[in-house]
Amino acid sequence: MKFYKNLYIGDTIRNPGKTRRKLKRYAKLQNVYVIAYMAESGQLSIYHNLMFRQRYYRDHPPYVIGIAGNQEEAFGIVCRIAEECVRETGQADLVAYLFRGKQMS
């Protein structure tokens, strides 16, 4: 599992470092949602962290853009990313905005 350099963190996440370490180990976390970029779909998606315990995600690790304490907060983070993207680029291509200047794989 890879993490975005400027990881977006929700207000309800008390200890981001510990949460990040547990996500890397695919530990069970209650009430933690992940905003992730999946190369197969080419878009951002919101997942409950327990989804990543499936074997598929071990072979196809997500690229984590943000973490939130609940689904509503995750939607808020995606909205915040969209607002930043439109403000800075004038377009709504979130993936291009987040990975500007980087090779996406």
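Use the structure listed above.
Residues numbered from 1 in each chain as written. Predicted model: local features only at pLDDT ≥ 70, side-chain atom pairs only at ≥ 80, totals over all residues. Heavy atoms only, no water.

### Comments concerning the overall build of the protein chain
Here's step 1: A count of helices and strands for the protein chain gives four helices and four strands.
Here's step 2: In terms of overall dimensions, the protein chain is globule-like: its C-alpha atoms have a radius of gyration of 13 Å, near the 13 Å expected for 105 residues.
Here's step 3: C-alpha extents for the protein chain along the principal axes are approximately 40 × 30 × 20 Å.
Here's step 4: When the 105 residues of the protein chain are sorted by exposure, 41% land in the buried category.
Here's step 5: Look at the contacts in the protein chain between residues 6 or more apart in sequence, and 58% of them connect residues 24 or more apart.
Here's step 6: Counting every atom, the protein chain has about 6600 Å² of accessible surface; 45% of that belongs to carbon and sulfur.
Here's step 7: Across the protein chain, the mean location of the 17 positive side-chain charges is 13 Å away from that of the 9 negative side-chain charges. (Helix = DSSP H or I, 4+ residues; strand = E, 2+ residues; numbered from the N terminus. Rg over C-alpha atoms; globule rule 2.2 N^0.38 Å. Buried < 20%, exposed > 50% of the residue type's maximum accessible area, 1.4 Å probe, protein only. Contact = heavy atoms within 4.5 Å. Areas by Shrake-Rupley, 256 points an atom, 1.4 Å probe, with all protein chains shown as cover. Lys, Arg positive; Asp, Glu negative; His and termini not counted. Charge placed at Lys NZ, Arg CZ, Asp CG, Glu CD.)

### Quick notes on the packing of aromatic side chains
Here's step 1: Taken as a whole, this structure holds eight aromatic pairs when the rule is applied.
Here's step 2: Here Phe52 and Tyr57 contribute two aromatic rings whose centre-to-centre distance is 5.1 Å and whose plane-to-plane angle is 85°, an arrangement assigned as edge-to-face. A single burial state applies to Phe52 and to Tyr57, both of which are buried.
Here's step 3: Taken together, Tyr4, Tyr8, Tyr37, Tyr63 and Phe99 form an aromatic cluster joined through their ring pairs.
Here's step 4: Looking at Arg58, its charged tip hangs above the ring of Tyr26, at a distance of 4.2 Å from the centre.
Here's step 5: When the ring centre of Tyr97 is taken as origin, the NZ or CZ atom of Arg100, which lies over that ring, is 4.4 Å away. (Phe/Tyr/Trp six-rings, centres within 6.5 Å; stacked < 30°, edge-to-face > 60°. Lys NZ or Arg CZ within 6 Å of the ring centre and 35° of its normal.)

### Notes on the sheet that holds strand β1 (residues 2-9)
Here's step 1: Within the open sheet, the four strands sit side by side as β1-β4-β2-β3. Their pairing is mixed. Two strands close off the open sheet at either side, each with one partner strand: β1 and β3 (43-48). Going from strand to strand, the sheet's axes swing by 25° on average, the running direction of each strand aside.
Here's step 2: The pairing of strand β2 (residues 33-38) with strand β4 (residues 63-68) spans five bridges and is antiparallel. Note that in β4 the partner of Ile35 across the bridge is Gly66. (Pairing = 2+ DSSP bridges. Axes fitted to C-alpha atoms, helices over the stretch in contact; angles between N-to-C directions.)

### Digging into the pairing of β4
Here's step 1: Here β4 lies mainly inside the structure; six of its six residues are buried.
Here's step 2: Bridge count between β1 and β4: four bridges; the pairing is parallel. Considered in β4, the bridge of Phe3 is made with Val64.

### Topic: unusual backbone geometry
Here's step 1: Even without being glycine, Tyr26 reaches a positive phi, approximately 55°.
Here's step 2: Looking at the element boundaries, Tyr26 is found in the loop between α1 (16-24) and β2.
Here's step 3: With a phi angle near 60°, Asn31 is a residue other than glycine that sits in the positive phi range.
Here's step 4: With respect to the helices and strands, Asn31 occurs in the loop between α1 and β2.
Here's step 5: Since its relative accessible area comes to 48%, Asn31 is described here as partly exposed.

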